[in-house]
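Below are the chains, spelled out letter by letter.
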Amino acid sequence: TSPGSSGAGSAAALQDTGRHGPLAVAPVPDPDDPPYQLGPACRAELRSLFQSIDANQDGTINKRELIKALRKPGVADRLGLPAMVRAEDGTRDQFERFFQQLDKDDDRELIV
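Figured I'd write up the structure that's included with this text. Note that the structure is a prediction, hence the values are computed from the model and not measured. (Residues numbered from 1 in each chain as written. Predicted model: local features only at pLDDT ≥ 70, side-chain atom pairs only at ≥ 80, totals over all residues. Heavy atoms only, no water.)

## A few points about the overall build of the protein chain
- What the protein chain contains, in helices and strands, is 4 helices and 4 strands.
- Counted from the first residue to the last, the protein chain has its helices and strands arranged as β-β-α-β-α-α-α-β.
- Going through the 112 residues of the protein chain one by one, you find that 31% of them count as buried.
- For the protein chain, restricting intrachain contacts to residue pairs at least 6 apart in sequence, the fraction spanning at least 24 positions comes to 49%. (Helix = DSSP H or I, 4+ residues; strand = E, 2+ residues; numbered from the N terminus. Buried < 20%, exposed > 50% of the residue type's maximum accessible area, 1.4 Å probe, protein only. Contact = heavy atoms within 4.5 Å.)

And the structure:
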C-alpha cells in the first residue's frame with residue numbers, strides 16, 4: 001500500500017462489522033462501483049488499532065509486528081485471525097492470505 005492511499009479502488013476493503021466484531025477483509029466489487037467508505041468512528045478505531053500494532057511507530061506494519069500484536073488481548077479477535085500463527089496447523093496460511101489481501105503493492109508493509 002502506498003503512503004497517502006485511502007484504500008479506495010484497492011482489491012480489498014475493511015468492512016465495518018460493529019464495535020467489537022472482526023474487521024473482515026473482502027474484495028471490492030467492480031472497479032466502476034463506488035469504493036467502500038468507512039465512517040469516522042470506524043476510521044478512528046482502525047487508526048488506534050494500527051498504532052497499537054505498529055511497534056516501532058514508523059507508520060507501517062510488517063508481518064513480524066502483526067504476528068506479535070496478534071498475541072495481545074483483543075487484537076486477533078478484532079481482526080478475525082488466530083492469536084498464535086504457526087506453520088503446522090494452517091494458521092500461517094490464513095495469516096498470509098489476510099496480509100496479502102491488504103498489501104496490494106507487495107512491499108511487505110501495511111500503511112494507513
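## A look at helix H1 (residues 40-53)
- Along its 14 residues, H1 runs 20 Å from first to last C-alpha, staying within 8% of the 20 Å computed at 1.5 Å per residue.
- By the burial criterion, the buried members of H1 are Cys42, Leu46, Leu49, Phe50 and Ile53. Mapping the buried residues of H1 onto a view down its axis gives an arc of 100°, with all of them on the same face. Projecting away from the buried face of H1 at angles above 90 degrees are the exposed residues Pro40 and Ala41. (Expected span 1.5 Å × (residues − 1). Arc of directions from axis to C-beta.)

## Here we look at the nonpolar core
- Ile53, Leu66, Leu70, Val75, Leu79 and Phe95 are the most contacted members of the largest nonpolar core, which totals 17 residues.
- Counting residues per element, the ones that place at least two in this core are H1, helix H2 (63-69), helix H3 (75-79) and helix H4 (91-102). (Core = buried A, V, L, I, M, F, W, Y, C linked by side-chain atoms within 4.5 Å.)

## Points about H4
- With 12 residues, H4 should cover 16 Å at 1.5 Å per step; its first-to-last C-alpha distance of 17 Å lies within 8% of that length.
- By the burial criterion, the buried members of H4 are Thr91, Phe95, Glu96, Phe98 and Phe99. Across the axial projection of H4, the buried residues extend over an arc of 165°, all falling on one side.

## Focus: the packing of aromatic side chains
- A complete count under the given rule lists 1 aromatic pair for this structure.
- Both rings, one in phenylalanine 95 and one in phenylalanine 99, keep their centres 6.0 Å apart while their planes meet at 35°; by these two values the pair is tilted. One end of the pair, phenylalanine 95, and the other, phenylalanine 99, are both in helix H4, 4 residues apart, so they sit about a helical turn from each other.
- The class for phenylalanine 99 is buried, based on a relative accessible area of 1%. (Phe/Tyr/Trp six-rings, centres within 6.5 Å; stacked < 30°, edge-to-face > 60°.)

## Some points on the side chain of glutamate 65
- By the secondary structure assignment, glutamate 65 is in helix H2.
- For the buried residue glutamate 65, which engages in no salt bridge, the nearest side chain bearing the opposite charge is lysine 68, 8.7 Å off.
- A polar atom in the side chain of glutamate 65 sits 3.1 Å from the backbone nitrogen of alanine 55.
- Excluding its chain neighbours within four sequence positions, the residues that come into contact with glutamate 65 are Ile53, Asp54, Ala55, Asn56 and Thr60. (Lys, Arg positive; Asp, Glu negative; His and termini not counted. Salt bridge = Lys/Arg side-chain N within 4 Å of Asp/Glu carboxyl O. Polar contact = N/O pair within 3.5 Å; in protein donor to acceptor, adjacent residues only side chain to side chain.)

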